[in-house]
Amino acid sequence: MLIDMALVGLGLALLFLGGDFLVRGAVVLAARLRISPLLIGLTVVGFGTSMPELLVSLNAALAGLPDIAIGNVVGSNTANILLILGLTLVVAPLSSRLPGLRRDLLAMLASAALLALIAPGGVLRPWHGLLFLALLAAYLTYSAIRGRSQGATLPDTGTALTLWQMLGFIAAGLAALVFGADFLVQGATSLAVRIGVPDAVIGLTIVAVGTSLPELATSVVAAMKRQPEIAVGNVVGSNIFNILGILGVTAALAPIPVAPQMARFDIPVMLAVTLVIAALLAVAPRVPRLVGLALLAAYGWYCTVLFV
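This structure is a prediction, so every number in the text was calculated from the model and none was measured. (Residues numbered from 1 in each chain as written. Predicted model: local features only at pLDDT ≥ 70, side-chain atom pairs only at ≥ 80, totals over all residues. Heavy atoms only, no water.)

Draft legend 1. Layout of the nonpolar core. Among the nonpolar cores identified, the biggest contains 64 residues, and I70, L124 and I267 are the most heavily contacted of them. For this core, the secondary-structure elements that each account for two or more residues are helix 3 (51-62), helix 4 (66-91), helix 5 (101-118), helix 6 (126-148), helix 9 (213-224), helix 10 (228-253), helix 11 (260-283) and helix 12 (289-307). The element best represented in this core is helix 10, accounting for 12 residues. Aside from chain neighbours lying at most four places away, what touches I70 is L124, L247, I256, V258, M262 and I267. (Core = buried A, V, L, I, M, F, W, Y, C linked by side-chain atoms within 4.5 Å. Buried < 20%, exposed > 50% of the residue type's maximum accessible area, 1.4 Å probe, protein only. Helix = DSSP H or I, 4+ residues; strand = E, 2+ residues; numbered from the N terminus. Contact = heavy atoms within 4.5 Å.)

Draft legend 2. Representation of the packing of helix 9 against helix 10 within the structure. Two elements in contact, helix 9 and helix 10, have axes whose closest approach is 7 Å; the angle formed by their N-to-C orientations is 155 degrees. Taken together, the axis directions place helix 9 and helix 10 in an arrangement best described as roughly antiparallel. Taking contact as the criterion, the partners of E215, T218, S219, A222 and A223 in helix 9 are, on helix 10, I230, A231, N234, V235 and S238. Grouping the constituent residues of the contact of helix 9 with helix 10 by class yields 5 nonpolar, 4 polar and 1 charged. (Axes fitted to C-alpha atoms, helices over the stretch in contact; angles between N-to-C directions. Parallel < 35°, antiparallel > 145°, perpendicular 65-115°, else oblique. Nonpolar A, V, L, I, M, F, W, Y, C, P; charged D, E, K, R; others polar.)

Draft legend 3. Examining a nonpolar patch on the surface more closely. Taken together, the side chains of M1, L2 and M5 make up a nonpolar region of the molecular surface, amounting to roughly 360 Å² of accessible area. Tracing the backbone through its elements, the reader meets M1 in the segment before helix 1 (2-32). The exposure class assigned to M1 is partly exposed, which follows from its relative accessible area of 47%. (Patch = residues over 30% accessible without salt bridge, like charges linked within 9 Å, V, L, I, M, F, W, Y side chains within 5 Å. Areas by Shrake-Rupley, 256 points an atom, 1.4 Å probe, with all protein chains shown as cover. Salt bridge = Lys/Arg side-chain N within 4 Å of Asp/Glu carboxyl O.)

Draft legend 4. Expanded view of the packing of aromatic side chains. Applying the stated criterion across every chain, the model contains 3 aromatic pairs. Where Y299 meets Y302, the ring centres are 6.4 Å apart and the plane angle is 40 degrees; that geometry is what we call tilted. Here Y299 pairs with Y302, and both are found in helix 12, just 3 residues apart, close to one helical turn. Taken individually, Y299 and Y302 each receive the classification buried, so the pair is uniform in this respect. The rings of F265, Y299, W301 and Y302 are connected pair by pair, giving a single aromatic cluster. (Phe/Tyr/Trp six-rings, centres within 6.5 Å; stacked < 30°, edge-to-face > 60°.)

Draft legend 5. Fine view of the side chain of N77. By the element assignment, N77 lies in helix 4. A residue is classified by how much of its surface remains accessible, and N77, at 2% relative accessible area, is buried. A polar contact is formed between the side chain of N77 and the backbone oxygen of N239, at a distance of 3.3 Å. Beyond its immediate sequence surroundings of up to four residues, N77 is in contact with S238, N239, N242, I243 and M270. (Polar contact = N/O pair within 3.5 Å; in protein donor to acceptor, adjacent residues only side chain to side chain.)

Draft legend 6. Representation of helix 10. The terminal C-alpha atoms of helix 10, which comprises 26 residues, lie 36 Å apart, in line with the 38 Å expected from a rise of 1.5 Å per residue. Of all the 26 residues making up helix 10, 23 are buried; the element is thus mostly covered by neighbouring parts of the structure. (Expected span 1.5 Å × (residues − 1).)

Draft legend 7. Region of interest: the environment of V283. The topology assignment puts V283 in helix 11. Distance from V283 to S96, taken between C-alpha atoms, is 8.3 Å for residues 187 residues apart in sequence.

Draft legend 8. Local environment of the packing of helix 4 against helix 11. It is at 10 Å that the axes of helix 4 and helix 11 come closest, and there the two elements cross at 30 degrees. When the axis of helix 4 is compared with that of helix 11, the two are roughly parallel. Relative to helix 11, the crossing made by helix 4 is left-handed. Residues D67, I70, G71, V74, N77, T78, I81, L82 and L85 of helix 4 form the contact with helix 11, whose own contacting residues are M262, D266, I267, M270, V273, T274 and I277. Here the contact of helix 4 with helix 11 is composed, by residue class, of 10 nonpolar, 4 polar and 2 charged. (Left-handed = near helix turned anticlockwise from the far one by under 90°.)

Draft legend 9. Representation of the environment of Y302. Residue classification places Y302 among the buried residues on the basis of a relative accessible area of 5%. Taking C-alpha positions, Y302 is 9.2 Å from T78, a pair spaced 224 residues apart along the chain. Apart from the residues within four sequence positions on either side, Y302 is in contact with T78, F265, D266 and V269.

Draft legend 10. Broad picture of the pattern of salt bridges. Within this structure, the stated rule accounts for 1 salt bridge. The closest approach of N and O atoms between D104 and R103, which form a salt bridge, is 3.3 Å.

Draft legend 11. Representation of the environment of A134. Of note, A134 is situated in helix 6. With a relative accessible area of 45%, A134 lands in the partly exposed category. Taking the C-alpha atoms as reference points, A134 and G248, separated by 114 residues in sequence, lie 8.8 Å from one another.

This is the structure we're talking about:
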């Protein structure tokens, strides 16, 4: 019991330490390279914090567990918006007047719509995976070109850091996030088993949210540091990468059957919440805490429906 509690404590400490390192390194790197902090949030931060989802989906697909492979992506995208963005907004309201954000919101919405369009066919085939990867490459190329024209002002705190030191901050942050999430999931799962929590509840809560903990820690820390580009870009970039990158790689290696329940309910829910948050961020100049509370309530409803 004490070991499990220690793992939970160590995991939480590593998550928030990693989030702090990652945000610090990402902001200064964006300024040093003269590109938009939003682009760094979308790519280095958003894709980097999605590594746990990539490992889970690849392992599940290779082990013949397609429901976990695709469910991990769909569930993580829904949690990214309702849970992570919801908690981030509760910590601090976010400005949505960010250069290039509407373009990236459109890319997030288009990737979700593409998955919803393909899913009723019952299987993601290798050519679907290659299409996803090609779209991801095109999106990254376009974003990099546009991001160079939306440079950032170099913070005074970063002038003494070399490029390699900034990359070291980012790498250390990502490593701490991955290990922290793993320790927290291990400890929490063991504690839940000891006190008699059913396996279904553990799977729907601790394990499902576990792979999204890096995104959670990073966005919350970014909100506390008043870095909306990193907080929002992390969620948007992660959702784009989860579909186009993770499902792209996984489906390219092996066909992924899509369960009828997933195609009828979970993927449409993911698309609906993506549409709502994309419209809100595109229209509202500032997103208040009340929206965060509404997102958290919606996630509670979603988990309740899944459990029932």
